[in-house]
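Letter by letter, the chains look like this.
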Amino acid sequence: MDSETSPGTPSVVRLDHRQVRVLAHPLRLRLLGALRVAGPATATALAGKLDTNTGATSYHLRQLAEVGLVVEDPDRAIGRQRWWRAAHDVTDWEPTDYDDDPDARAAIEWIQGDQVRLLAERAERWFAARPDWSPAWRDAAGMSDALLHLGPARLQALEAEMWQVLMRYREESVPDEPDAQPVHVFLAGYPMIGETR
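Reading the values: the criteria
Residues numbered from 1 in each chain as written. Predicted model: local features only at pLDDT ≥ 70, side-chain atom pairs only at ≥ 80, totals over all residues. Heavy atoms only, no water. Pairing = 2+ DSSP bridges. Helix = DSSP H or I, 4+ residues; strand = E, 2+ residues; numbered from the N terminus. Contact = heavy atoms within 4.5 Å. Axes fitted to C-alpha atoms, helices over the stretch in contact; angles between N-to-C directions. Buried < 20%, exposed > 50% of the residue type's maximum accessible area, 1.4 Å probe, protein only. Core = buried A, V, L, I, M, F, W, Y, C linked by side-chain atoms within 4.5 Å. Arc of directions from axis to C-beta. Left-handed = near helix turned anticlockwise from the far one by under 90°. Nonpolar A, V, L, I, M, F, W, Y, C, P; charged D, E, K, R; others polar.

## Details of the sheet that holds strand β2 (residues 41–42)
Sheet strands associate in pairs through backbone hydrogen bonding, adopting either a parallel or an antiparallel arrangement. One open sheet accounts for three strands, arranged β2-β4-β3; its pairing is antiparallel. On the outer flanks of this sheet lie β2 and β3 (70–72), each paired with one strand and no other. Of the strand pairs in this sheet, β2 and strand β4 (residues 83–86) are connected by two bridges, and their pairing is antiparallel. Bridge pairing in β4 places A41 opposite W84. Most of the contacts of helix α2 (residues 26–38) go to β4, to which it runs at about 85°, and overall it touches β2, β3 and β4.

Structure follows, in structure tokens:
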């Protein structure tokens, strides 16, 4: 299910129960991410990029296609070679979407845990490579935090507003901007558990 989009606006899929269960797999998440970041590719090219084998890549692409998360790109096909692309730019869900389905709930919890692992991995890679980057990049990249006193409604409003800012920057990307690089921005807000109020 896609939200209606105008040109330049990213297409969004709200994960249903079946999609979330299929997506909760390490290789499938990586395949979908690779297609979103680098664009259409063959199973062979993805296998090389993700350091796996073509058989596994083909199988998991078909699993993602069965639930509408990836689609074949027939315009690129040459002979028997199948090209795949992400069916959407953005994946959306609310954890409560799966309250009535323990398997889907476990799947979304795994996906969220994988996001945290990905953040830690990307941060560690940046810390290791940071000395080789320009002063401008070393000052621009990184993390910050703020302690706010919010209820759930205001936290949701804050996240929605920040998401709008992120999407605006995405839509306004300048392809030939000097020194531009792909940047992975994470958005998170959690209550402080076990802390005094």
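## A look at the pairing of β4
On β4, burial follows the alternation: W84 and A86 on one face are buried, whereas W83 and R85 on the facing-out side are not. Bridging between β3 and β4 involves three bridges; their strand directions are antiparallel. From the neighbouring strand, V71 faces β4, where its bridge partner is R85.

## Quick notes on the side chain of Q63
Relative to the assigned elements, Q63 resides in helix α4 (residues 54–66). According to the relative accessible area criterion, Q63 is buried, its value standing at 18%. Filtering out sequence-adjacent residues up to four positions away, Q63 remains in contact with V22 and R28.

## Focus on unusual backbone geometry
Here the phi dihedral of D51 falls at roughly 55°; this positive angle occurs in a residue that is not glycine. Along the polypeptide, D51 turns up in the loop between α3 (43–50) and α4. Although it is not a glycine, D179 adopts a positive phi angle of roughly 65°. Mapped onto the elements of the fold, D179 is located in the segment after α7 (152–171).

## Description of the nonpolar core
Residues L15, V20, L35 and L61 are the most contacted members of the largest nonpolar core, which totals 27 residues. At the level of elements, α1 (17–23), α2, α3, α4, β4 and α5 (102–129) are the ones that each hand at least two residues to this core. If one sorts the elements of this core by residue count, α2 sits on top with five residues. In this structure L15 touches V20, L23, L69, T91, D92, W93 and Y98, once residues within four positions along its chain are discounted.

## Regarding α3
For α3, the set of buried residues is A43, L46, A47 and L50. Taken around the axis of α3, the buried residues stretch over an arc of 105°, which confines them to a single face. Of the exposed residues in α3, the ones pointing more than 90 degrees away from its buried face are T44, G48 and K49. Buried residues along α3 sit against α2, β2, α4 and β4. Phi turns positive one or two residues past the end of α3, at D51, with a value near 55°.

## Side note on the packing of α3 against α4
Two elements in contact, α3 and α4, have axes whose closest approach is 8 Å; the angle formed by their N-to-C orientations is 115°. For the pair α3 and α4, the crossing hand works out as right-handed. Residue-level inspection shows A43, T44, L46 and A47 of α3 in contact with α4, the latter providing T54, T57, S58 and L61. Partitioned by chemical class, the residues of the contact of α3 with α4 number four nonpolar, four polar and no charged.

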